[in-house]
Amino acid sequence: MSRMVTLCLVMVIVLSGLAVPLALAQGPSPEIDLPRSLVDAVSGLSLRYPADWYLSRRAASSLILATDHYAAMGVRALEPGHASLEFTVIEGSADSAAAYLSCYLETALGGTDADLSIPPTPITLGEWPAAFRLIAWDEVTTVTYVLALGDGQFLVATLTLYPPDLDAYQPIAEAILATVALAPGDNALDVDLAGLPNTSSTADGAYTFSYPDGWGLDANDVARLDYPADDPMVGTLMPDQAVIRVRVLEPVTLPWPVTIDALALAAMNADADYTTGTLNGRAMASWEISNGGWHDAWYGVAVDLGGGAYGEVTLFTMGGQVRGFAQTAAQIAASLRPALTQTCADDDGILALDYPAGWLCVDSGYAMMLLNDRDDAI
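Calculation rules
- Residues numbered from 1 in each chain as written.
- Predicted model: local features only at pLDDT ≥ 70, side-chain atom pairs only at ≥ 80, totals over all residues.
- Heavy atoms only, no water.
- Core = buried A, V, L, I, M, F, W, Y, C linked by side-chain atoms within 4.5 Å.
- Buried < 20%, exposed > 50% of the residue type's maximum accessible area, 1.4 Å probe, protein only.
- Helix = DSSP H or I, 4+ residues; strand = E, 2+ residues; numbered from the N terminus.
- Contact = heavy atoms within 4.5 Å.
- Expected span 1.5 Å × (residues − 1).
- pLDDT = per-residue confidence, 0-100.
- Pairing = 2+ DSSP bridges.
- Phe/Tyr/Trp six-rings, centres within 6.5 Å; stacked < 30°, edge-to-face > 60°.
- Disulfide = S-S within 2.5 Å.
- Salt bridge = Lys/Arg side-chain N within 4 Å of Asp/Glu carboxyl O.

### Structural notes on the nonpolar core
Moving on, step 1. Membership of the largest hydrophobic core comes to 39 residues, with the highest contact counts inside it found for Tyr49 and Leu147.
Moving on, step 2. The element that contributes the greatest number of residues to this core is helix H4 (residues 166–178), accounting for 6 residues.
Moving on, step 3. Setting aside its immediate chain neighbours within four residues, leucine 147 contacts Leu125, Trp128, Pro129, Ala130, Gln153, Phe154, Leu155, Leu177 and Val180.
Moving on, step 4. Formed by 29 residues, the second largest nonpolar core is a distinct cluster that contains Ala242, Ile244, Met284 and Leu315.

See the structure below:
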């Protein structure tokens, strides 16, 4: 039996006696505004959060919300006056949130200066039985929460405050956690690419994409599409008009699913919805941000193209039109492929192949091979 499981079992016995006389703490205040949402296929969770908090991913199984978007991205440490809430789903053997939290803190902080003698406080957050424990360090205070999600799954969330301002941020953190729900399925989106008869390329020509009739390429940008084709946007976006921009960024320098457009648009004080999952079998993140009503709105799809590259398709339109054009944006993202800009032929001139840049064509005399690692090929 692992040390983690042993600790959990021991703490269950100890805490079962301590927790009984404690009354459940009150849940979060219902009037906190949480206009943004996330449905995350990786963690299997959905939640809502404030418009002035920024979303990022630190690792495959760890999400973070922070009031400073540079801290959320991991570009710099949390600065004074800000807060962050990092959470992940972990499997465990304890039979209560309080028992698992004690086990978790003992394993993570045992041997440090942290005072772990005070037992966790039980609380109910949304539909979940939970517990929390506050630990004060020199200039930083952390509040660690555990939500018992059932079937041996626990959500561990740590609120970090620098300097500690519990009155300002603890109610917000608990309001966010109270919205946690289990995300359905794997958020797999499959779109039909058969109705995309037109083809263009990204600005550097390295990738191609397909698009439907009715959209026209901008005269000065092969990676910008205007709708309708006969009435492109000039200056100001009008009702029934839309613009789609396509680009590929490599290597990825931002934590997935945060992308350039999503980060820039998230700075607006606007409603937003983020979703992660798959698009025609490839990892995908999408976002929808709107000022509300018929004002400007943005919908974006980022798709993992492999090799450290991702495609970003961003739709600009009026708020009431987003859903009508979102399917087109998803189709274009799913159609992104490396452009076949290179050609090689065998020595006999019988067989010729077109292939993407960055690959190496080798004629072995018996077969032609395409390799995407020059060192291995040589």
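Now, onward.
### Observations regarding helix H3 (residues 97–109)
Moving on, step 1. Taking 1.5 Å per residue, 13 residues should reach 18 Å; H3 reaches 18 Å between its end C-alpha atoms and fits that length.
Moving on, step 2. Along H3, the residues classified as buried are Ala97, Ala98, Ala99, Tyr100, Leu101, Ser102, Cys103, Leu105 and Leu109.
Moving on, step 3. One or two steps after H3, the chain reaches glycine 111, where phi turns positive at roughly 95 degrees.

### A closer look at the confidence of the model for the chain
Moving on, step 1. Taken residue by residue, the chain gives an average pLDDT of 79. The fraction at 70 or more is 80%.
Moving on, step 2. Confidence scores differ between elements of the chain, with helix H1 (residues 3–19) showing the lowest mean pLDDT of 33 and strand S6 (residues 121–125) the highest of 96.
Moving on, step 3. Overall, residues 1–26 carries pLDDT values under 50, and its contacts beyond four positions in sequence, including any with other chains, amount to 40 contacts.
Moving on, step 4. In the predicted structure, residues 263–269 sits below a pLDDT of 50 and forms 19 contacts with residues beyond four places in sequence or in another chain.

### A look at the sheet that holds strand S13 (residues 207–211)
Moving on, step 1. Pairing within the open sheet is antiparallel, and its 3 strands lie in the order S12-S13-S21. The sheet is open, and its two borders are formed by strand S12 (198–201) and strand S21 (337–338), each paired with just one other strand.
Moving on, step 2. Bridging between S13 and S21 involves 2 bridges; their strand directions are antiparallel. Note that in S21 the partner of tyrosine 207 across the bridge is proline 338.

### Quick word on the packing of aromatic side chains
Moving on, step 1. Evaluation of the coordinates by the stated rule reveals 7 aromatic pairs.
Moving on, step 2. Judged by centre distance (6.3 Å) and plane angle (45 degrees), the ring pair of phenylalanine 209 and tyrosine 211 falls under tilted. Taken as a pair, phenylalanine 209 and tyrosine 211 share a single burial class, namely buried.
Moving on, step 3. On the numbers, 5.2 Å between centres and 65 degrees between planes, the contact of tyrosine 227 with phenylalanine 325 is edge-to-face. Taken together, the positions of tyrosine 227 in strand S15 (residues 221–227) and phenylalanine 325 in helix H6 (residues 322–335) put the pair 98 residues apart, joining distant regions of the chain.
Moving on, step 4. Of the aromatic side chains, those joined through ring pairs into one cluster are Trp215, Tyr227 and Phe325.

### Some points on the state of the cysteines
Moving on, step 1. Following the criterion strictly, the structure yields 1 disulfide and no others.
Moving on, step 2. Residue pairing for cysteine 344: its cysteine sulfur links by disulfide to cysteine 361, the two sulfurs lying 2.0 Å apart. When the S-S torsion is 65 degrees, as for the bridge of cysteine 344 with cysteine 361, the disulfide is right-handed. Placement of cysteine 344 in strand S22 (residues 342–345) and of cysteine 361 in strand S24 (residues 360–363) is noted, with a sequence separation of 17 residues between them.
Moving on, step 3. Residue classification places cysteine 361 among the buried residues on the basis of a relative accessible area of 19%.

### Focus: the pairing of S22
Moving on, step 1. Of the pairings in the sheet, the one linking S22 to strand S23 (residues 352–355) comprises 4 bridges and is antiparallel in character. Residue pairing across strands places glutamine 342 opposite tyrosine 355, the latter belonging to S23.
Moving on, step 2. Between the antiparallel neighbours S22 and S23 lie 6 residues, among them glycine 349 with a positive phi of about 70 degrees.

### Focus on the pairing of strand S7 (residues 128–136)
Moving on, step 1. Pairing geometry for S6 and S7, over 5 bridges, is antiparallel. Bridging from a neighbouring strand, isoleucine 123 pairs with alanine 130 of S7.
Moving on, step 2. Between S6 and S7, which pair antiparallel and follow one another directly, the connecting turn spans 2 residues, one of which, glycine 126, has a positive phi of 60 degrees.
Moving on, step 3. Bridge analysis of S7 against strand S8 (residues 141–150) gives 7 bridges, and the strand direction is antiparallel. The residue of S8 that forms the bridge with alanine 130 is leucine 147.
Moving on, step 4. Counting the residues between successive antiparallel strands, the hairpin from S7 to S8 contains 4 residues.

### Points about the pattern of salt bridges
In a structure, side chains of opposite charge can pair up when their charged atoms sit close to one another.
Moving on, step 1. All told, the structure shown has 3 salt bridges when counted by the stated rule.
Moving on, step 2. The residue arginine 224 makes a salt bridge to aspartate 218 at a minimum N-O spacing of 3.6 Å.
Moving on, step 3. Two residues, arginine 224 and aspartate 226, come together in a salt bridge whose shortest N-O distance is 2.9 Å. Aspartate 226 shares its class with arginine 224; the two are buried.
Moving on, step 4. One salt-bridge network, held together by shared partners, links Asp218, Arg224 and Asp226.

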